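For reference, the chains in residue letters:
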Amino acid sequence: MEQLMQQVVSGLANGAIYACVALALVMIFVSTDHINFAQGEMAMFSTYIAWQLMQWGAGFWPAFFIAIAVSFVGGLTIERVILRPLHTAPVLSIVVVFIGLLAICNSIAGSVWSYLIKEFPSPFPKDTFGLAGLIGPHQFGVVLVTIVVLSLLFVFFRFTPLGLAMRAAAQNPVSARLAGVRVDWMLALGWGLAAAVGAVAGTMVAHIVYLDPNMMGGILLYAFAGALLGGISNPGGAVLGGFMVGVLENLVAFIGNAIEKSFGVYIIGNGEKLTVALIIVITVLTVKPSGLFGRVVVKRV
Amino acid sequence: MATTETAAAADAVARQAATAEPPARAAAVKPWVWAVVAVAFVLPLLKFVIPGVISDYRLFVISTMMIAAIAVLGLNLLTGFNGQISLGHGAFYAVGAYTAAVMLDKISWMPDYYFLTIPAAAVMCFVVGYLFGLPALRLEGHYLALATFALALAVPQLLKYKWLEGLTGGVQGVVLLKPSPPFGLPLSEDQWLYYYILVIMVALYFIAFNILRGRNGRAMMAIRDHQMAADTMGIDTAQYKTVTFGISAAYTGIAGALSASAIAYVAPDSFGFFLSISLLIGLVVGGVASLAGSIIGGVFTVLVQNSAQALSKFVKNDLGLPFDLSAYAVYGILLLILMYVMPLGIAGGIVMAWRRLRG
């Protein structure tokens, strides 16, 4: 039982990361209807920036905040330079551009910093953090940071004029423009924020999965699963979905382990993590495409 | 309002069909295609005329290009002609390759009848593709891309699944033998492989050409252009979409089976996301919805992969940039550039340029 509890709690810690990435995906999705396949690689790139800053002698937190700022500018630039001209392009072109971005981020990181796996430090003190036996210091810190980031975003979107303008631009671009909101810039801002949130996720997870150019592949897939499960059109739902798949991931491995122990039959384990994500993605998409908390989109023809 | 738009769209489709050249005549095989096929068949024999140029290795490279071309053609049938985006066609390539490899490895008399792996892989992949096409029916555009993206990422893990290890050989993969020329023909292994693949490729192109120029092909393209309009015109869109998924998967699976024979080795990690990206770039470079473009795409992907090292050296030593330029980077940059400069791919770009030149 204690083991189960442990698995659930550590699942929540993983889920925090997925929730961040899922939120980044949703922020772009609600405003542009694009699914950003490069989100994971962008986050990976931000993490390398933080790592590089630390190599140059910066402390963790300065590096963390600079990386977030750089990512924000980077995300904004990508939207303005690369995606803006494709505003009316067909879906295939957009998807292809995202895949291109993914490949470029991955290979640039690989050529600049090499494909060797690097250690990434944890900023959280080992002794004073965490709840003994239940959750490690780093995981506890990750959950805290995530909660802080999510709360800040909530406050930003709920209580500031700029946040309101961004929501308006996402919900109804035409009316928003008529009301004087600069919709273009709101979209770019959304991209910047998404990249920044991704940077948080990357720098937090790098201590757990180690730093390498392919580190975000599985995480991105789980973030997709979380976003879809919670509803890709609903930021709150996506966050919740992220936490859910985090727990689910660990539970599946736990149950698989238990079955193997008591019946001696191997069904599922850590080696099938991506497959579990694939199954979640396809199941949600076919059974309930709007997710658990999403808005059902009615298409007008 | 809703009805007028649909009507307008249906009208547009009808007009497009009407203004297109009359089907049967215009879609006959062009003479240059026959010329290319003839050259392809004579190519290995040129060894006796120009021994320096035609070597076994070069024939093998061309063989891999043809395999890539078949795989890209498969993806093109689905994405280019039917409008369903797939980022995970590497999965079907893997299924085809493993079907062939397991048959060759486990059935003792199979290596003598290796050509049977082709129909087997085709059937297997058709079934798998058809089944994947069923949930895909409910997905459109970005969502389908997402589902297939997930598939592409999960494939290597699926192939390592413990219960399949007995068949697939787990991480180690399966080592095979190259097919040897039959009836004591005086051909080297690579020459025979070349002919084997060439014949299959020509046959597959012939089939695809005929599917596309007939009623079925027009239905496929009508669904791509406007699904609802196609639906109102009496096309069974669900049926067409799933069957197209199956056929597309079968094509790509055949390419996989051929590659298993050609490379004589399969392992899970060669069917990762990179493979799916390669097929995608083949599609985009060659040209979406272009049969000839699929060949250009196939040739291109192999060229990039084979010359990645040289390219990297060139960038480092001659241009003096502190980068390793991998095939992956080239793919990424090209994907971006092509979307702006030549959205129809190289084949489409050439046709456009030619039309513009002719005025």
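Preceding this section is the structure that the text describes.
Only a predicted model underlies this, so the values are computations on that prediction, with no experimental measurement involved.

Enquirer: Quick one: what's the story with the packing of aromatic side chains, residue by residue and with numbers?
Expert: According to the stated counting rule, one finds 32 aromatic pairs over all chains in the structure shown. Relative to F245(B), the ring of F92(B) lies with its centre 6.1 Å away and its plane at 75°, an arrangement referred to as edge-to-face. Residue F92(B) is located in helix α5 (residues 89-106), and its partner F245(B) is located in helix α12 (residues 237-263); the two are separated by 153 residues in the primary sequence. Of the two residues examined, F92(B) and F245(B), each falls in the buried class. Ring geometry for Y113(B) against F115(B): centres 6.2 Å apart, planes inclined by 75°, an arrangement best described as edge-to-face. You can call Y113(B) partly exposed: its relative accessible area is 43%. Its relative accessible area of 42% is what places F115(B) among the partly exposed residues. The rings of F60(A), W61(A), F64(A), F65(A), F120(A) and F124(A) are connected pair by pair, giving a single aromatic cluster. One cation-aromatic arrangement involves R80(A) over W185(A); the distance from NZ or CZ to the ring centre is 4.5 Å. The ring centre of W51(A) lies 5.0 Å from the NZ or CZ of K118(A), which sits over that ring.

Enquirer: I'd love a proper account of the interface of chain A and chain B, names of residues and values included.
Expert: Contact with chain A, which involves 49 residues of that partner, is made by 44 residues of chain B. Buried area between chain A and chain B, both sides added, is near 4100 Å², and the carbon and sulfur share of it is 77%. Where chain A packs against chain B, one counts 0 salt bridges. If you look at where chain A meets chain B, you find 4 residue pairs in polar contact (both at pLDDT 80 or more). Counting only elements with at least two residues in the side of chain A that touches chain B, the list comes to α3 (60-83), α4 (91-113), α9 (217-230) and α11 (273-287) of chain A. Element by element, the count of residues in the side of chain A that touches chain B is highest for α4(A), at 16 residues. Residues that form the side of chain A that touches chain B fall into these classes: 34 nonpolar, 10 polar and 5 charged.

Enquirer: How would you summarise the nonpolar core if you had to cite specific residues and measurements?
Expert: Where a protein is soluble and globular, its nonpolar side chains tend to be buried together. By size, the foremost hydrophobic cluster in this structure holds 211 residues, and its most contacted members are F37(A), I99(A), F149(B) and F271(B). The element that contributes the greatest number of residues to this core is helix α8 (residues 183-209) of chain A, accounting for 16 residues. Ignoring any residue separated from it by four or fewer positions in sequence, one finds F271(B) in contact with Y93(B), A94(B), A97(B), Y98(B), V155(B), P156(B), L159(B) and V266(B).

Enquirer: Could you give an account of unusual backbone geometry, with specific residues and numbers?
Expert: Residues and elements named next belong to chain B. Not every positive phi belongs to a glycine, and A264 is a case in point at roughly 60°. Locating A264 in the fold gives a position in the loop between α12 and β2 (265-266). We classify A264 as buried; its relative accessible area is 12%. One non-glycine residue, A289, adopts positive backbone phi at about 60°. Position of A289 among the secondary structure elements: in the loop between α13 (273-286) and α14 (291-318). What makes A289 partly exposed here is its relative accessible area of 28%.

Enquirer: Lay out the pattern of salt bridges in plain terms, naming residues and giving numbers.
Expert: Enumeration over the complete set of coordinates arrives at 7 salt bridges over all chains. The closest approach of N and O atoms between K273(A) and E249(A), which form a salt bridge, is 3.1 Å. Of the two residues, K273(A) is situated in helix α11 and E249(A) in helix α10 (residues 235-263); the sequence distance between them amounts to 24 residues. R224(B) is the partner of D225(B) in a salt bridge, and the nearest nitrogen-oxygen pair spans 3.0 Å. Given the relative accessible area of 38%, D225(B) is considered partly exposed. Look at R224(B) and you get partly exposed, because its relative accessible area is 30%. Through salt bridges with shared partners, one network takes in E79(A), R84(A), R177(A) and D184(A).

Here is what the cut-offs are and how they apply
Residues numbered from 1 in each chain as written. Chains lettered and ligands numbered in written order. Predicted model: local features only at pLDDT ≥ 70, side-chain atom pairs only at ≥ 80, totals over all residues. Heavy atoms only, no water. Phe/Tyr/Trp six-rings, centres within 6.5 Å; stacked < 30°, edge-to-face > 60°. Helix = DSSP H or I, 4+ residues; strand = E, 2+ residues; numbered from the N terminus. Buried < 20%, exposed > 50% of the residue type's maximum accessible area, 1.4 Å probe, protein only. Lys NZ or Arg CZ within 6 Å of the ring centre and 35° of its normal. Contact = heavy atoms within 4.5 Å. Buried area = accessible area lost by both parts, 1.4 Å probe. Salt bridge = Lys/Arg side-chain N within 4 Å of Asp/Glu carboxyl O. Polar contact = N/O pair within 3.5 Å; in protein donor to acceptor, adjacent residues only side chain to side chain. Nonpolar A, V, L, I, M, F, W, Y, C, P; charged D, E, K, R; others polar. Core = buried A, V, L, I, M, F, W, Y, C linked by side-chain atoms within 4.5 Å.

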